[in-house]
Amino acid sequence: MSTLKVNSIRGTGASSDAISVNSSDGTCTVKATNNLSNRNLIINGAMQCAQYGQSSTTAGYGSLDRFQGVSGGGEEACTHSQHALTSSDTGPWAAGFRNSFHLQNGNQTGGAGSNDYAYIGYTIEAQDIATSGWDYNSASSYLTLSFWVKSSVAGQQYGYLYTADGTSQGFSFSVGNLSADTWSKVTVNIPGHANLTFDNDNGGGLYMYWGPHWGSDYTNSGNTLLTWAAYSSSNRTPDFPTTWWTTNDATFELTGVQLEVGDVATDFEHRSYGDELRRCQRYFYRHVLGSWNGNGKSSITDNASMYNATICFLTVPLPVTMRAEPTLGTSNSSNYYEAYINGASVTFDTWGLDGVSTKRCLTINATLPSVTAGASALVRTDNAAAFLDAIAEL
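Rules behind the numbers
Residues numbered from 1 in each chain as written. Predicted model: local features only at pLDDT ≥ 70, side-chain atom pairs only at ≥ 80, totals over all residues. Heavy atoms only, no water. Helix = DSSP H or I, 4+ residues; strand = E, 2+ residues; numbered from the N terminus. Buried < 20%, exposed > 50% of the residue type's maximum accessible area, 1.4 Å probe, protein only. Contact = heavy atoms within 4.5 Å. Areas by Shrake-Rupley, 256 points an atom, 1.4 Å probe, with all protein chains shown as cover. Lys, Arg positive; Asp, Glu negative; His and termini not counted. Charge placed at Lys NZ, Arg CZ, Asp CG, Glu CD. 1 Å grid on protein atoms, 1.4 Å probe; cavity = no way out; pocket = protein on both sides within 12 Å on 5 of 7 lines; lining within 4 Å. Points joined across faces, edges and corners; volume = space filled by probe spheres on them. Nonpolar A, V, L, I, M, F, W, Y, C, P; charged D, E, K, R; others polar. Salt bridge = Lys/Arg side-chain N within 4 Å of Asp/Glu carboxyl O.

**A short note on the overall build of the chain**
- Counting its secondary structure elements, the chain contains two helices and 25 strands.
- The dimensions of the chain, computed from C-alpha atoms along their principal axes, are 80 × 65 × 45 Å.
- In the chain, which comprises 394 residues, the proportion classed as buried is 47%.
- Contacts spanning at least 24 positions in sequence make up 73% of the contacts within the chain whose residues lie at least 6 apart.
- Surface exposure of the chain reaches about 17,200 Å², of which carbon and sulfur atoms provide 46%.
- Taking the average location of the 19 positive side-chain charges in the chain and that of its 32 negative ones, the two points are 8 Å from each other.

Have a look at this one:
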């Protein structure tokens, strides 16, 4: 038997080693494109989960989990939604993606103003970066960001990263000089830097933004791409063309978002819907929506009890430990909920958050018409638009 002794193995046309061998202990480092699970630091990067709903014009969260759609300054808000891909979506479809984050422009009749903007945002907990294995203070240690992107309007577009801990830092990158209605795969290498700080806590650590448009109040022609620098709100990226913003109903789509430690973009880590949903529920959990059962109302909420003749208490166990003690999201309109008590039913409008809620349990209360103190109650929605959410977003 013979032994092959080498320090590294590199492809004939490659610029770096595929395998690097430690000559002291015989271990090796491998750059593989399809290895290891749990390497993607992004949750819902395949845009599968949309607990909030399929579409929203509200800036922030409101459609897909973990991703925000934000616009402002113009005459009409952009719409962000979950978009179903088809076999005609060349590139992402073959790679296993069936949904995208879809941002659609409104009708900006006033043209492009200096303070107009539209972007997709994502935030990673600081502790998830701090404990990722990235030596973020070393310029020779990397994160690699990869994603698929498409715009209905041709032109150059940018994105940027922002850190909040310590002295805030910014890092801009090119999304590409995109061809209209054509999917592009983008890879960005992100080196460490001595000025980066990520606290080992559950606050926001790394903020990520992809933009079809930022006005000149937020950009600078002298911005240097792919370089960490002290963050400036007026120097986030190079200047944008205005074409996307001034095109009515222009669209911008994103899917297949992956962020991983190392300087190679590996194959996307596809996760099951159930796995991805539980990760999303750390930040947002929709307990009930009135339209879930198909007839517009009467989705079962839970069993509750009457504290006294008018106050009803309800405890909602949460499916996972949330990032922080959640706030309550709920509808507030006439007779949106119904309680069945002692052979009769009464309606009420909304819920309030009780002070003893935790990251594992949401305790809420409601005011009902006078009923029997101490009685148990079966509570249901009484309107298709009624909802009950636990929220711990970044």
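And the narrative resumes.
**Quick look at the layout of surface pockets**
- Within this model, the second largest pocket holds a volume of roughly 220 Å³.
- Considering the residues around the second largest pocket, the lining is formed by 13 residues, among which N40, L41, I43, D128 and R279 are closest to the centre.

**Focus on empty space enclosed by the protein**
- Per the stated rule, a full pass over the model turns up one cavity of 30 Å³ or more.
- In this structure, the largest cavity spans a volume of roughly 50 Å³.
- Every residue along the wall of the largest cavity is listed here: V153, A154, G155, Q156, Q157, P212, P241, T243 and W244.
- In terms of residue count, strand 10 (residues 155–163) provides more of the lining of the largest cavity than any other element does, three residues in total.
- Looking at the lining of the largest cavity residue by residue, the classes come out as five nonpolar, four polar and no charged.

**Details of the pattern of salt bridges**
- With the rule as written, the count across this model stands at 10 salt bridges.
- Across the pair R10 and D17 runs a salt bridge whose closest N-O atoms are separated by 2.8 Å.
- With a closest N to O distance of 3.6 Å, E253 and K150 form a salt bridge. One end of the pair, E253, is in strand 15 (residues 251–261); the other, K150, is in strand 9 (residues 142–151), with 103 residues separating them in the sequence.
- Here the residues in one salt-bridge network are D89, K150 and E253, joined through shared partners.

**Describing the environment of I42**
- Within the secondary structure, I42 sits in the loop between strand 3 (28–30) and strand 4 (55–56).
- Taking the C-alpha atoms as reference points, I42 and K297, separated by 255 residues in sequence, lie 34 Å from one another.
- Those residues in contact with I42 that sit more than four places away from it in its chain are F67, Y122, I124, M208, V257, Q258, L259 and R271.

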